[in-house]
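# What the coordinates show
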Amino acid sequence: MLDLFGIAVRGLLHRKKRSWLTIVGILIGITAVVALVSLGESMQRAVKRSFEELGYDVVMILPGELGGGFGGPGSFSTPFEIDVDALSTVEGVGEIGLLNFQSVYVKAGGKEGFLDALGVSGNIFSFFKVEMVEGRGFTEGERGAAILGREVATELGIGAGGTVLIEDRPFAVVGVYSADSRLDEDAIIIPLADLQELTGTRAVTMVLVRVAPGYDVSETAKRIEDFLRRSRGRRDLSVQTMEEVHEVVQRALGILGAFLGGIAGIALLVGGIGVMNTMYTAVLERTREIGVMKAVGARNSQIALIFLLESGLMGLAGGILGTGIGSSLNFIAVFAAKRALGTGVLEYGISWWLVLGALGFSFLVGAVAGLLPARAAARLDPVEALRYE
Amino acid sequence: MTDDHIVKLEAVWKVYRMGRRRRIEVEALRGVDLGVARGEFLAVTGPSGSGKSTLLHLMGCLDRPTKGRVLFEGEDVSALRATALARIRNRRVGFVFQSFNLSPTLSALGNVELPMIFAGVPRRERLRRARELLARVGLTERERHLPAELSGGEQQRVAIARALANSPDLLLADEPTGNLDSETGRGVLSLLSGSNADGVTVVVVTHDPEVAGIAHRVLRIRDGRIVEDTDA
């Protein structure tokens, strides 16, 4: 078997250019598969980390319905008012964090313009981590303070200790956060009470509830839902556990991954047809040689094995190169996404099963594509093959 | 008497179907009876298309007769499966062709190894045997060369070394000197008669009167029939 392997390798090296071109066909397919599948994995990994950071004991209250598919949670754009004191009386409800997104007019360092402001209740940092590069977070009940995104701080040339004017009211900059916080770096965080005062509304865009220790998360979510429906008289808010949201997002990413994988699979199929074409040509070209091998006593199975190994090796070579290029592409995509979007929407990493799967599959595609040509070679009549010109 | 014969043909017919729909029948052999004795050096002569090569292919178990029987060491070739025939070709028969037919991707050494690879001979033993055979045909210095880097005479010597790799009982050569100049051809012939002296039965298809000169027995074929059978 090992010696037949040697014969197969020599056969490939003998027609180098054609072998390489065929390998490129497989390479493109495998590159696409690996790049797209690992990209999907990177998304899932990043999503998983976000959810783990927030914690699975957290329940979200959002406007609208939690839809299936790509829709996901309702948009942040429809703020709603909520009675926090009444909500806190619901059984199992622990800490409550409030968030509101608004566009505000900011002046500082001789520049001015609109910025996204995130109004937060003082305890919000116990719900999700904000990575500070400078200064500190808010203290309980603090007012008139602001934390800038790194991009904003750089743009305005202001750091902790400086002052910004938001809607013409001065705010003391107490800290600067980075994108590792999963918040865009081009926003500004201020206390919710300040934002509500500035915009003249009591509305929030999201409520986070931590389930008190000892209470079941989904049961508590159900009680919150019942409470909201009773107190509001309509179903304008949806209550989701992190588990549910995570599931919806994973399902969406899964569908996306399968779709992309399918497209990549077509590329691989084309590569496989390329292998088959090359192998048929090789069998035709080497008809006489096959005749000679039979004359010196090669069994049909040995002839078939030589050609199967040749085509499988071409597949494997394409697989090795394609896996390398595909995972590099993923690395570049993750890097580019971090630079362009500023947030950790992707997290690099490639799973061993994807690497092994890609290598195994590429060999398999090569071998399957070589099956018919190898059979044709094995079935050649030795006398006719020897006579072949 | 069968035990004396390494290969025996009994009323053998071979009909080829040619053409696009295989409708044209060509009778290559028409009722040939022939016994090749063990240790014999037999030359087969005759015009082109007389059936010489077909005869050789049948003796070497590369093909089965259309009618009649081919007995290789007393065993009916028609009754054997393809794998069994491959085994006979591998272990008992060595082929030498007019156009050398070396594998272009393998070195001289690799070509000589080939039949032993198919026989499953371990690598170390294979290399030892292949080097010994290349030394015997005077090509020790050329073992790393590809066929394209060898002269015609050298290629044919590699082919003879390959044919002898698994120590066959029967060596079949189809116009082995046909593509060589007469001096190189003589070198090849002396290798063949040397093998015969070592006890290998040799059958040579040839146009070359020199080959017929060193053979024990000369057969003349015409139109698929043996027309002359003379002992030297």
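No experiment lies behind these values; they were computed from the predicted model shown.

Rules used in this analysis
Residues numbered from 1 in each chain as written. Chains lettered and ligands numbered in written order. Predicted model: local features only at pLDDT ≥ 70, side-chain atom pairs only at ≥ 80, totals over all residues. Heavy atoms only, no water. Helix = DSSP H or I, 4+ residues; strand = E, 2+ residues; numbered from the N terminus. Rg over C-alpha atoms; globule rule 2.2 N^0.38 Å. Buried < 20%, exposed > 50% of the residue type's maximum accessible area, 1.4 Å probe, protein only. Contact = heavy atoms within 4.5 Å. Areas by Shrake-Rupley, 256 points an atom, 1.4 Å probe, with all protein chains shown as cover. Lys, Arg positive; Asp, Glu negative; His and termini not counted. Charge placed at Lys NZ, Arg CZ, Asp CG, Glu CD. Buried area = accessible area lost by both parts, 1.4 Å probe. Salt bridge = Lys/Arg side-chain N within 4 Å of Asp/Glu carboxyl O. Polar contact = N/O pair within 3.5 Å; in protein donor to acceptor, adjacent residues only side chain to side chain. Nonpolar A, V, L, I, M, F, W, Y, C, P; charged D, E, K, R; others polar. Domains from an automatic or database assignment. Phe/Tyr/Trp six-rings, centres within 6.5 Å; stacked < 30°, edge-to-face > 60°. Pairing = 2+ DSSP bridges. Axes fitted to C-alpha atoms, helices over the stretch in contact; angles between N-to-C directions.

The next thing to look at is the overall build of chain B. Regarding its fold elements, chain B presents 7 helices and 10 strands. By the compact-globule yardstick of 17 Å for 232 residues, chain B fits well, its C-alpha radius of gyration being 17 Å. Structurally, chain B occupies a C-alpha span of about 45 × 45 × 40 Å along its principal axes. Counting only residues that meet the buried cut, chain B has 53% of its 232 residues in that class. Considering only intrachain contacts with a sequence separation of at least 6, the fraction spanning at least 24 residues in chain B is 69%. Put simply, chain B shows about 10200 Å² of open surface, and 46% of that area lies on carbon and sulfur atoms. In chain B, 34 positive and 30 negative side-chain charges are present, and the distance between their average locations comes to 8 Å.

Let us now look at the interface of chain B and chain A. Counting residues at the interface gives 24 residues for chain B and 24 residues for chain A. When the area that chain B buries against chain A is broken down by residue, the three leading residues are L62(B), T105(B) and F118(B), summing to 29%. The closest approach of N and O atoms between R22(B) and E384(A), which form a salt bridge, is 3.3 Å. Linking chain B with chain A are 8 residue pairs in polar contact (both at pLDDT 80 or more), by the criterion used here. Sorting the residues of the side of chain B that touches chain A by element identifies α2 (82-91) and α3 (108-119) of chain B as the ones contributing at least two each. The biggest single contributor to the side of chain B that touches chain A is α2(B), with 5 residues. Within the side of chain B that touches chain A, the residues separate by chemical class into 12 nonpolar, 7 polar and 5 charged.

Structurally, chain A comprises domain 1 (2-51 + 248-387) and domain 2 (81-235). Each of domain 1 of chain A and domain 2 of chain A has a C-alpha centre, and these two points are 50 Å apart.

Moving on, we come to helix α8 (residues 287-295) of chain A. Three or four residues apart is the spacing at which side chains of an α-helix point the same way, because the helix has 3.6 residues per turn. All names here are of chain A. Here α8 lies mainly inside the structure; 8 of its 9 residues are buried. Buried within α8 are the following residues: T287, E289, I290, G291, V292, M293, K294 and A295. Once α8 ends, the next one or two residues include G297, with phi positive near 105 degrees.

So, about the packing of aromatic side chains. In total, this model carries 2 aromatic pairs over all chains according to the counting rule given. Taking the centre distance of 5.0 Å and the plane angle of 75 degrees together, the rings of Y105(A) and F114(A) count as edge-to-face. Under the relative-accessibility criterion, Y105(A) is labelled partly exposed at 28%. On the numbers, 5.8 Å between centres and 5 degrees between planes, the contact of F95(B) with F97(B) is stacked.

On to the sheet that holds strand β1 (residues 5-18) of chain B. All names here are of chain B. Reading across from one edge, β2-β1-β4-β5 is the order of the 4 strands in this open sheet, with antiparallel pairing throughout. Bordering the open sheet on either side are β2 (24-37) and β5 (75-76), each of which pairs with just one other strand. Pairing between strand β4 (residues 67-72) and β5: 2 bridges, direction antiparallel. In the sheet register, L71 faces β5, and the bridge partner there is D76.

What follows is about the sheet that holds strand β7 (residues 170-174) of chain B. Through backbone hydrogen bonds, the strands of a sheet pair up, either in parallel or in antiparallel fashion. All names here are of chain B. Strand order across the open sheet formed by 6 strands is β6-β7-β8-β3-β9-β10, with mixed pairing between neighbours. The strands lining the two open edges of the sheet, one partner per strand, are β6 (93-96) and β10 (225-231). Within this sheet the neighbouring strands show an average axis-to-axis angle of 15 degrees, counted without direction. Each of β3 (41-45), β7 and β8 (201-205) is contacted by helix α6 (residues 182-197), which is oriented at about 150 degrees to β8, the strand it contacts most.

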